[in-house]
Amino acid sequence: MDDRGGSFVAVRRISQGLERGSTCHSTSAEVVAGSAAWLGRGLSCVCAQRRESDTRPSFDLTPAQEECLQRLQSRIDIAYDSSVAEHQETLRALWNAAFPDEELHGLISEQWKAMGWQGKDPSTDFRGGGFISLENLLFFARNFPKSFRGLLWKQEGDRSMWEYPFAVAGVNITFMLIQMLDLEAVKPRTIVGAIFLKFLSENESAFDLLYCITFKLMDHQWLAMRASYMDFNTVMKATRRQLERELLLEDITRLEDLPSYSLLTR
């Protein structure tokens, strides 16, 4: 996937054996998925940079944890399909959550650029993230609307003239998390992946919640680094390192204990 880089459109700022958990606990939160467009000219997605010769340990799963992982993997495997009614409705739902007072004129419209898609057809930006990347954005909009809109409109901090496109950045974050947590493997091969499955076994929306935390953390890093759009991959690397450090903290028993979770609730 690291050779599928798409063109980048900069967006100018508009003022604005795991023992814990024996069952999957689903929540009422709604979820969706898609395919990614990468930021930066000639830059590969930071999460796909690993050697095929890398050897990593694996961690055994309980049957219940294996089921939880398989359910998440089934979401990851769904590509965004603009001909599927459910996918169309999910995309409309995202628009309505982001712009409740503005009528959408169509699933292909210049209006989508205001959300940070690269063109007038968002479906072309879902290539690497799949339908789940759309689900992640909608989960964020519905569960943390203040933070979602704050990032969408770049309301916080002293920002650069050229900002990262919000929606395309969101697709990249989905892809980064899938790679960081090694979610396409039969069982986790990293400690952070194993730790995440503890949380997933207790909350089936753990991936969506971690996505929201990561998006807010990425923006926090962006501001701290005084970044501009060509720095996006550098910011993503820093975000991944910080997230991995937090997941390895000894006193973390749920995602809400992560230090970066507090960024969502400000």
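Residues numbered from 1 in each chain as written. Predicted model: local features only at pLDDT ≥ 70, side-chain atom pairs only at ≥ 80, totals over all residues. Heavy atoms only, no water.

(A) Looking closely at helix H8 (residues 232–247). Taking 1.5 Å per residue as the helical rise, H8 with its 16 residues ought to reach 22 Å, and the 22 Å between its terminal C-alpha atoms agrees with that figure. If you check which residues of H8 are buried, you get Phe-232, Asn-233, Val-235, Met-236, Ala-238, Thr-239, Leu-243, Glu-246 and Leu-247. (Helix = DSSP H or I, 4+ residues; strand = E, 2+ residues; numbered from the N terminus. Expected span 1.5 Å × (residues − 1). Buried < 20%, exposed > 50% of the residue type's maximum accessible area, 1.4 Å probe, protein only.)

(B) Representation of the packing of helix H6 (residues 191–202) against helix H7 (residues 206–224) within the structure. At a minimum axis distance of 8 Å, the contact between H6 and H7 shows a crossing angle of 120°. One element, H6, and the other, H7, form an angle in the oblique class. Contacts between H6 and H7 involve Phe-196, Phe-199 and Leu-200 on the former and, on the latter, Ala-206, Phe-207 and Leu-210. Considering only residue class, the contact of H6 with H7 consists of six nonpolar, no polar and no charged. (Axes fitted to C-alpha atoms, helices over the stretch in contact; angles between N-to-C directions. Parallel < 35°, antiparallel > 145°, perpendicular 65-115°, else oblique. Contact = heavy atoms within 4.5 Å. Nonpolar A, V, L, I, M, F, W, Y, C, P; charged D, E, K, R; others polar.)

(C) Layout of the packing of helix H2 (residues 85–98) against helix H4 (residues 145–152). One can describe the packing of H2 onto H4 by two numbers: an axis separation of 10 Å at closest approach and a directional angle of 85°. Classified by the angle between their axes, H2 and H4 sit roughly perpendicular to one another. Seen from H2, the contacting residues are Leu-94, Ala-97 and Ala-98; seen from H4, they are Phe-148, Arg-149 and Leu-152. A class-by-class count of the residues in the contact of H2 with H4 yields five nonpolar, no polar and one charged.

(D) A look at unusual backbone geometry. Of note, Lys-154 is a non-glycine position whose phi angle comes to about 50°, a positive value. Here Lys-154 shows up in the loop between H4 and strand S2 (162–163). In the Ramachandran plot, Arg-226 falls in the positive-phi region, its phi being about 50° despite a non-glycine side chain. When you line up the elements, Arg-226 lands in the loop between H7 and H8.

(E) Main features of the pattern of salt bridges. For the structure shown, the criterion picks out 13 salt bridges. Of the charged contacts, one joins Arg-75 and Glu-135 as a salt bridge, the two residues approaching to 2.9 Å between their closest N and O atoms. Placement of the pair is Arg-75 in helix H1 (residues 63–76) and Glu-135 in helix H3 (residues 130–143), with a sequence separation of 60 residues. Accessibility classification places Arg-75 together with Glu-135 in one group, the buried group. Measuring nitrogen to oxygen at the nearest pair gives 3.3 Å for the salt bridge that ties Glu-244 to Arg-240. Separated by four residues within a single helix, Glu-244 and Arg-240 lie in helix H8, roughly one turn from each other. On the basis of relative accessibility, which here comes to 22%, the residue Glu-244 falls in the partly exposed class. Accessibility expressed as a relative area gives 22% for Arg-240, which makes it partly exposed. (Salt bridge = Lys/Arg side-chain N within 4 Å of Asp/Glu carboxyl O.)

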